Amino acid sequence: MADRYKIPRGTFDILPEESYKWQYVKNVFHQIAQAYNYREIVTPIFEVSQLFERTVGDSSDIVQKEMYKFQDKKGRTFALRPEGTASVVRSYVENNLHMNNYGDRLFYMGPMFRYDRPQKGRYRQFYQYGVEYFGSQNAYVDAEVIALAYQFLKTLGLNNFQLEINSIGCPNCSKDYDKALVDFFTPHLGELCQDCNNRIKKNPKRLLDCKIPTCKAIAANAPSMLDYLDEECQQDFDSLQKYLTDLEIPFTINPRIVRGLDYYRKTAFEFINNNLGAQNALCGGGRYDGLVKQLGGKDVPAIGFAGGFERLILSMENEGLSFGEIPKPKYFFVMLGNDAKEVGLPLLNKIRVQNIVADAAPDKASLKAQMKAANKSGAPFTLILGDEELKKNIIFLKDMETGDQKEIALDNILEQLDSIK
Ligand code: HAM
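For the structure given in this document, a descriptive report is provided here. (Residues numbered from 1 in each chain as written. Predicted model: local features only at pLDDT ≥ 70, side-chain atom pairs only at ≥ 80, totals over all residues. Heavy atoms only, no water.)

Turning next to the overall build of the protein chain. Scanning the protein chain for helices and strands turns up 15 helices and 16 strands. For 421 residues, the compact-globule estimate of 2.2 N^0.38 gives 22 Å, and the protein chain exceeds it by more than 25% at 28 Å. Projected onto the principal axes, the alpha-carbon positions of the protein chain cover approximately 95 × 60 × 45 Å. Looking at the protein chain residue by residue over its 421 residues, the buried ones come to 49%. (Helix = DSSP H or I, 4+ residues; strand = E, 2+ residues; numbered from the N terminus. Rg over C-alpha atoms; globule rule 2.2 N^0.38 Å. Buried < 20%, exposed > 50% of the residue type's maximum accessible area, 1.4 Å probe, protein only.)

Inspection of the secondary structure puts Thr214 in helix H8 (residues 213–219). Residue classification places Thr214 among the partly exposed positions, given a relative accessible area of 49%. Between the C-alpha atoms of Thr214 and Ala302, which are 88 residues apart in sequence, the distance is 35 Å.

What follows is about a nonpolar patch on the surface. Together, Ile45, Phe46 and Phe70 give the surface a local cluster of nonpolar side chains, amounting to about 240 Å² of exposed area. Position of Phe46 relative to the elements: it lies in strand S2 (residues 46–48). Residue Phe46 is classed as partly exposed on the basis of its relative accessible area, which comes to 40%. (Patch = residues over 30% accessible without salt bridge, like charges linked within 9 Å, V, L, I, M, F, W, Y side chains within 5 Å. Areas by Shrake-Rupley, 256 points an atom, 1.4 Å probe, with all protein chains shown as cover. Salt bridge = Lys/Arg side-chain N within 4 Å of Asp/Glu carboxyl O.)

What describes two packed helices is the angle between their axes and the distance between those same axes. The N-to-C vectors of helix H5 (residues 139–155) and helix H9 (residues 231–246) enclose an angle of 45 degrees; their axes lie 8 Å apart at closest approach. With respect to their mutual orientation, H5 and H9 come out oblique. Every pair of crossing elements has a handedness; the one defined by H5 and H9 is right-handed. Along the contact surface, H5 presents Ala139, Tyr140, Asp142, Ala143 and Ile146, while H9 presents Asp236, Ser239, Leu240, Tyr243 and Leu244. Among the residues forming the contact of H5 with H9, the class breakdown is 7 nonpolar, 1 polar and 2 charged. (Axes fitted to C-alpha atoms, helices over the stretch in contact; angles between N-to-C directions. Parallel < 35°, antiparallel > 145°, perpendicular 65-115°, else oblique. Left-handed = near helix turned anticlockwise from the far one by under 90°. Contact = heavy atoms within 4.5 Å. Nonpolar A, V, L, I, M, F, W, Y, C, P; charged D, E, K, R; others polar.)

This part takes up the side chain of Glu164. Considering the arrangement of structural elements, one finds Glu164 in strand S7 (residues 162–167). One buried charge, Glu164, has no salt-bridge partner; the nearest side chain with opposite charge is Arg259, at 9.9 Å. Here the side chain of Glu164 touches Asn254 through a polar contact of 2.9 Å, side chain to side chain. Each residue touching Glu164, except ones within four places of it in the same chain, is listed here: Thr252, Asn254, Ile257, Ala268, Phe269, Glu270 and Ile272. (Lys, Arg positive; Asp, Glu negative; His and termini not counted. Polar contact = N/O pair within 3.5 Å; in protein donor to acceptor, adjacent residues only side chain to side chain.)

For the rest of this paragraph, the subject is the environment of Ala35. Structurally, Ala35 is set in helix H1 (residues 16–35). With 192 residues separating them along the chain, Ala35 and Asp227 place their C-alpha atoms 37 Å apart.

In this section: the sheet that holds strand S5 (residues 104–113). In spatial order, the strands read S1-S5-S6-S11-S10-S9-S7-S8; together these 8 strands make up an open sheet with mixed pairing. The open sheet has two edge strands, strand S1 (39–40) and strand S8 (252–253), and neither has a second partner. With 2 bridges joining them, S1 and S5 adopt parallel strand pairing. In the strand pairing of S5, Glu40 is matched with Phe107. (Pairing = 2+ DSSP bridges.)

Laid out in structure tokens, this is it:
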């Protein structure tokens, strides 16, 4: 018996009956990103692994346990990208992409890879959409980036989501805050999970977003970052709230958002859909002002976000939203006999090159079998060509809903089809 293979765990095929949904959400994201004047950037799906280790950070789950790392034939260590920001920053620096002196806006879409325990809304290969804005420290830009994400979700018709924002401060505020966290958590180390015990040395803020119930209960009483913001971070956070209010974008402040990646500072945000279960983040992002410099570029501040298409599509399905029209042919061409097939081939092609979707079942011979295929295709119209019609230089056009049939001349078939709505 021939070998049959199974898809790797945590991955999925996007099958033909689902792929139009993906096309739809991608198109809408494209449109929205372009309306905000973002330009697309495409980076490779693998990079040297150090790029992620240095930026996403070695206290993150991604670097600690989730990277798909491999060596190539020359012994170089690469990783399948677990996220897009590090690659975009790498490209921004490498290609000297300072396109404008008023801010550079980039967007991307593509597969990311994380070796995590698969569950609903969490996969090992997943598809992100995201944007990155380089060149402004202004909270105005934070509001713009959040507005773009909000507009995207709204344009898709989603209603069941909440925006949560936080400021995780800058290295200056973190000095005191990290110390306060260490002081707070140290007496509880015996009750905290192993991950939290490790994280307390590397990045104490990460203890705030541990999902383990005992850790969560302890973290609930931890000091809040918002009490430790320095003047500049506080002002930026106040401005962001004002701008979001001006934009009529509802939000709540959640001082527990720290984000799982090490490069963030100041603004952090997530769009949450509580109907999604444990994996409830539709998208998330924040500011990462030190990263461009850290990767060898100028000291360019930046902010962005990314989200997974899977959770988006799940949310749309939960809310019963439309993904546009289900693709189907407009015309199904029934050709009876060899002569009709010969004449029919260029004719069918003529229709198709006009960008009109048309199909046929060339391997089926009988009228019955071809009409069955026509029905299955969902085409609203069938074109029927047999020997009799060929002799008269006509073709039958059948309306599949009403059953009405009319003759049209073969010579100017395109013009006549054109007049059909
Ligand atoms: P992140 O929070 O790690 O941030 O991921 C962003 C989004 O990707 C999540 O909110 C979720 O929708 C989706 N996602 C993450 N992991 C999975 C998974 N295993 N399966 C399905 N969906 C997933 C980042 O990746 C940052 N690069 C975002 C960013 C851009 N920050 C600034 N700029």
